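A structural walkthrough
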Amino acid sequence: MSERHLSHLVEANRIFADHIRTADQKAAYIFTFILALVVWSAETRRSFSLEHLASAGIVNVLASLVLMGAVGFALVCAICVVLPRSRPGTSILFWGAWPDAGQTLEDARRRGDSDVLYDDYLQNTATLAAICKAKYRLVALAFRAMFVVVASYLILLATG
């Protein structure tokens, strides 16, 4: 194991952890925007009313139904981004692997086995990458749903 490779892997871990935080922030923004639209927009709240749906024209009903579905989908996606994930792992960098991981690290130190560090960072980087991939897939879906919400909202305003 070279020091340069380990250093590069440590940096990849840091970057992936930053990406996870960024995905969580994006999901929080989407959640806040959608929730604010539902709470403060009379037109959006009205689209959730059965009375409105019964008396509205076909375009307005369709826009309301699409809006409701997109709001629900965006909120679910945004919530799923920030929900805690349970990924099985034995990496010493994963708090759930302790105290066994600590013993593994101590045993490697006693043996003078520094390859354990590289292997552990490699495993942790793969785990972080998988978490990033899942979170950003949900963020992308939530953004798309948010655009559908905005388009439906504009149609509702236009057909009022």
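Our structure's up above, just so we're on the same page.
Overview of the structure. (Residues numbered from 1 in each chain as written. Predicted model: local features only at pLDDT ≥ 70, side-chain atom pairs only at ≥ 80, totals over all residues. Heavy atoms only, no water.)

A separate point is the side chain of Thr125. On the secondary structure map, Thr125 appears in helix H6 (residues 115-159). For Thr125, a relative accessible area of 9% puts it in the buried group. Contacts of Thr125, omitting those with residues within four sequence positions, involve Leu9, Ala12, Asn13 and Phe16. (Helix = DSSP H or I, 4+ residues; strand = E, 2+ residues; numbered from the N terminus. Buried < 20%, exposed > 50% of the residue type's maximum accessible area, 1.4 Å probe, protein only. Contact = heavy atoms within 4.5 Å.)

Let us now look at helix H4 (residues 58-82). Over its 25 residues, H4 runs 37 Å from end to end, which matches the ideal 36 Å to within 8%, given 1.5 Å per residue. Listed as buried for H4 are Asn60, Val61, Ala63, Ser64, Leu67, Ala70, Val71, Ala74, Leu75, Cys77, Ala78 and Val81. (Expected span 1.5 Å × (residues − 1).)

Let us now look at a nonpolar patch on the surface. On the surface, Ile58, Val59, Leu62, Leu65 and Ile155 cluster together into a nonpolar patch covering about 470 Å² of accessible area. Residue contributions to the nonpolar patch peak at four residues, all from H4. Since its relative accessible area comes to 42%, Leu65 is described here as partly exposed. (Patch = residues over 30% accessible without salt bridge, like charges linked within 9 Å, V, L, I, M, F, W, Y side chains within 5 Å. Areas by Shrake-Rupley, 256 points an atom, 1.4 Å probe, with all protein chains shown as cover. Salt bridge = Lys/Arg side-chain N within 4 Å of Asp/Glu carboxyl O.)

Our focus in this paragraph is the pattern of salt bridges. Summed over all chains, the structure comprises nine salt bridges. One salt bridge connects Arg14 with Glu11, and the closest N-O pair in it is separated by 2.4 Å. One end of the pair, Arg14, and the other, Glu11, are both in helix H1 (residues 3-40), three residues apart, so they sit about a helical turn from each other. Residue Arg14 is classed as partly exposed on the basis of its relative accessible area of 42%. Of the residues examined, Glu11 reaches a relative accessible area of 33% and is grouped as partly exposed. Among the ionic pairs, Asp24 bridges to Lys135, the shortest N-O distance being 2.5 Å. Taken together, the residues Asp24 in helix H1 and Lys135 in helix H6 connect sequence positions 111 residues apart. Asp24 gets classed as partly exposed once you look at its relative accessible area, which sits at 23%. The exposure class of Lys135 is buried, given its relative accessible area of 5%. Taken together, the shared-partner salt bridges connect Glu11, Arg14, Asp18 and Arg21 into one network.

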